[in-house]
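# A structural walkthrough
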Amino acid sequence: MESNVIIECGNIKLEGALQKNTSQNAVIICHPHPLYGGNMDNSVVMTIAESFFEKGFTTLRFNFRGTGNSTGMFDNGNGEQEDIRAVMSWLKENRYQKIYLTGYSFGARVNARVVFKGCKIEDHIMVSPPVGFISFDDIEKMSSTGLIVTGANDDIAPADLIRKHINRWQIVPRYEIIENCDHFYSGRLDKLKAILTDYLS
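In this report, the structure presented in the accompanying data block is examined. Because the structure is predicted, anything quoted here is derived from the model rather than measured.

### Some words on the environment of Cys9
Residue position: Cys9 is located in strand S1 (residues 2-9). When the C-alpha positions of Cys9 and Gln81 are compared, they lie 11 Å apart, and in sequence the two are 72 residues distant. Sequence-distant contacts of Cys9, that is, excluding residues within four places in its chain, are made with Leu14, Arg65, Glu82, Asp83 and Ala86.

Quick look at the structure:
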């Protein structure tokens, strides 16, 4: 059973959904672009949460500032980085020792900035980082990144462009390209889930 939580980030209150599990491992899942309808109830976000929960993780989905019942205003990926740091701190205060960070689309982009600037996490997973829509040139390195997934038909997160960034970041993550898959994982959520659960095994 998920429970609703409120996490404070300065004077902003973030709406979250926490599903507790047996281990002290927790994952933060960040949603796609709020100006294009993205929120924590997105089907890809939910699939990521299900995958982690099945593998024993406590999962925490949350709405960035200005989304859903989270207060504040959209801040073009800047204030949203502070949102992520506040959620990390909240989990640590609640005694979750090992924190994984994952995001889909815009959520992956904001996470990338947080990871580049430095944070203490166990692993970083990106689902369809939107390199064809938002520049990632300001991110010079991406340590802690263990898995990147995209679709072969994804124009927002093109596989070849992601590969160029992987080479530039000088990392060797597991890199999965799902055939016949667009940015929204239409009809391919099962394949995404299979990749995530296999990786977490």
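### Brief notes about unusual backbone geometry
Residues apart from glycine generally show negative phi values, whereas peptide bonds are mostly found in trans. With a phi close to 55°, Asn76 is a non-glycine residue in the positive phi region. Along the chain, Asn76 falls in the loop between strand S4 (58-62) and helix H2 (79-93). Positive phi is not limited to glycine here, since Ser128 has a value of about 50°. Along the polypeptide, Ser128 turns up in the loop between strand S6 (123-127) and strand S7 (145-151).

### A look at the pattern of salt bridges
As enumerated under the stated definition, the model contains ten salt bridges in all. Measuring nitrogen to oxygen at the nearest pair gives 3.8 Å for the salt bridge that ties Lys13 to Glu8. The class for Lys13 is partly exposed, based on a relative accessible area of 41%. Take Glu8: its relative accessible area is 54%, and that puts it in the exposed class. Measuring nitrogen to oxygen at the nearest pair gives 2.9 Å for the salt bridge that ties Arg61 to Asp41. Highlighted residues: Arg61 in strand S4 and Asp41 in the loop between strand S3 (25-30) and helix H1 (43-54), separated in sequence by 20 residues. Counted as one network, the salt bridges with shared partners bring together Glu2, Asp41 and Arg61.

### Points about H2
Helix length check: H2, at 15 residues, gives a terminal C-alpha distance of 21 Å against a target of 21 Å (1.5 Å per residue), a fit within 8%. Buried residues along H2 sit against S1, strand S2 (12-19), S3, S4, strand S5 (98-104) and helix H3 (106-117). Two residues or fewer past H2, Arg95 is found with a positive phi of approximately 70°.

What counts, and where the lines are drawn
- Residues numbered from 1 in each chain as written.
- Predicted model: local features only at pLDDT ≥ 70, side-chain atom pairs only at ≥ 80, totals over all residues.
- Heavy atoms only, no water.
- Helix = DSSP H or I, 4+ residues; strand = E, 2+ residues; numbered from the N terminus.
- Contact = heavy atoms within 4.5 Å.
- Salt bridge = Lys/Arg side-chain N within 4 Å of Asp/Glu carboxyl O.
- Buried < 20%, exposed > 50% of the residue type's maximum accessible area, 1.4 Å probe, protein only.
- Expected span 1.5 Å × (residues − 1).

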